[in-house]
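Topology and contacts: notes
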Amino acid sequence: MTTPITVFLLDDHEIVRRGLRALLESDGDIKVVGESSTAGGAAEKILELKPDVAILDARLPDGSGVDVCRDVRSANEQIRALILTSYDDDEAMYAAILAGASGYVLKQIEGTSLLSGTRLVASGHSLIDPGAALRLVQRSTEKGQDEFSMLTPQERRVLEAIADGMTNRQIGDHLNLAEKTVKNHVTNILAKLGVERRTQAALLVSKTRPLGAAISNAGTDTE
């Protein structure tokens, strides 16, 4: 008898988790070994259980399955991640790609397709079309470079620190700024880049790296 594929479920709705568990375990070759309703602590649970596949809801009340995916994949690349979402969102898909997800599928997916997709991801295959991913990366990169030109030099430095994963307090210590000043810079950066969350701003930077050059050379304005 073959060893079953092990899966971890992350979704804030209990009824969804129950439905997914019943579906995944219906054929006997997949076993759900753990689950969580919140982003907080989910990465630690997944890393402890070491499932073959983590099926992660993209949007949670306290965070994002994409962020959980990034944390898990950076610590253990053997664990595959499948982002399950209700939103057909290019930016979210791009974030999932950068986070190392092997798949990005809508919750409207048929049960048989989710089963086969989970098996494919567990075997090392990707459910993200390479051509579509490349087009998305190219389009987003061009957009990001244009928007960097609107930032002041100090805002660019703050943005680089955001992309490095620093908190507002850490950025303040790094750039010798008051935490309130950093918060104001972050608010201005998000408005200028047309994004709502700092993780989205960080994504724009990651699209153009290894070039801090794309940001530092994006304009010549002064504060």
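To be clear, the structure that these remarks concern was listed above.
Given the structure is predicted, the values throughout are model-derived calculations rather than measurements. (Residues numbered from 1 in each chain as written. Predicted model: local features only at pLDDT ≥ 70, side-chain atom pairs only at ≥ 80, totals over all residues. Heavy atoms only, no water.)

Focus on the overall build of the protein
- For the protein, the helix and strand inventory stands at eleven helices and seven strands.
- Out of the 223 residues in the protein, the part that is buried amounts to 43%.
- At a minimum sequence separation of 6, the contacts of the protein that also span at least 24 residues come to 67%.
- Carbon and sulfur atoms make up 50% of the accessible area of the protein, which amounts to about 11500 Å² in all. (Helix = DSSP H or I, 4+ residues; strand = E, 2+ residues; numbered from the N terminus. Buried < 20%, exposed > 50% of the residue type's maximum accessible area, 1.4 Å probe, protein only. Contact = heavy atoms within 4.5 Å. Areas by Shrake-Rupley, 256 points an atom, 1.4 Å probe, with all protein chains shown as cover.)

Some points on the packing of helix H1 (residues 14-24) against helix H5 (residues 111-122)
- Where H1 meets H5, the closest approach of the two axes is 10 Å, and the angle between their N-to-C directions is 70°. Judged by the inter-axis angle, H1 sits roughly perpendicular to H5. Across the interface between the two elements, Leu-20, Leu-23 and Leu-24 of H1 pack against Gly-111, Leu-114, Leu-115 and Thr-118 of H5.
- The residue makeup of the contact of H1 with H5, split by class, is five nonpolar, two polar and no charged. (Axes fitted to C-alpha atoms, helices over the stretch in contact; angles between N-to-C directions. Parallel < 35°, antiparallel > 145°, perpendicular 65-115°, else oblique. Nonpolar A, V, L, I, M, F, W, Y, C, P; charged D, E, K, R; others polar.)

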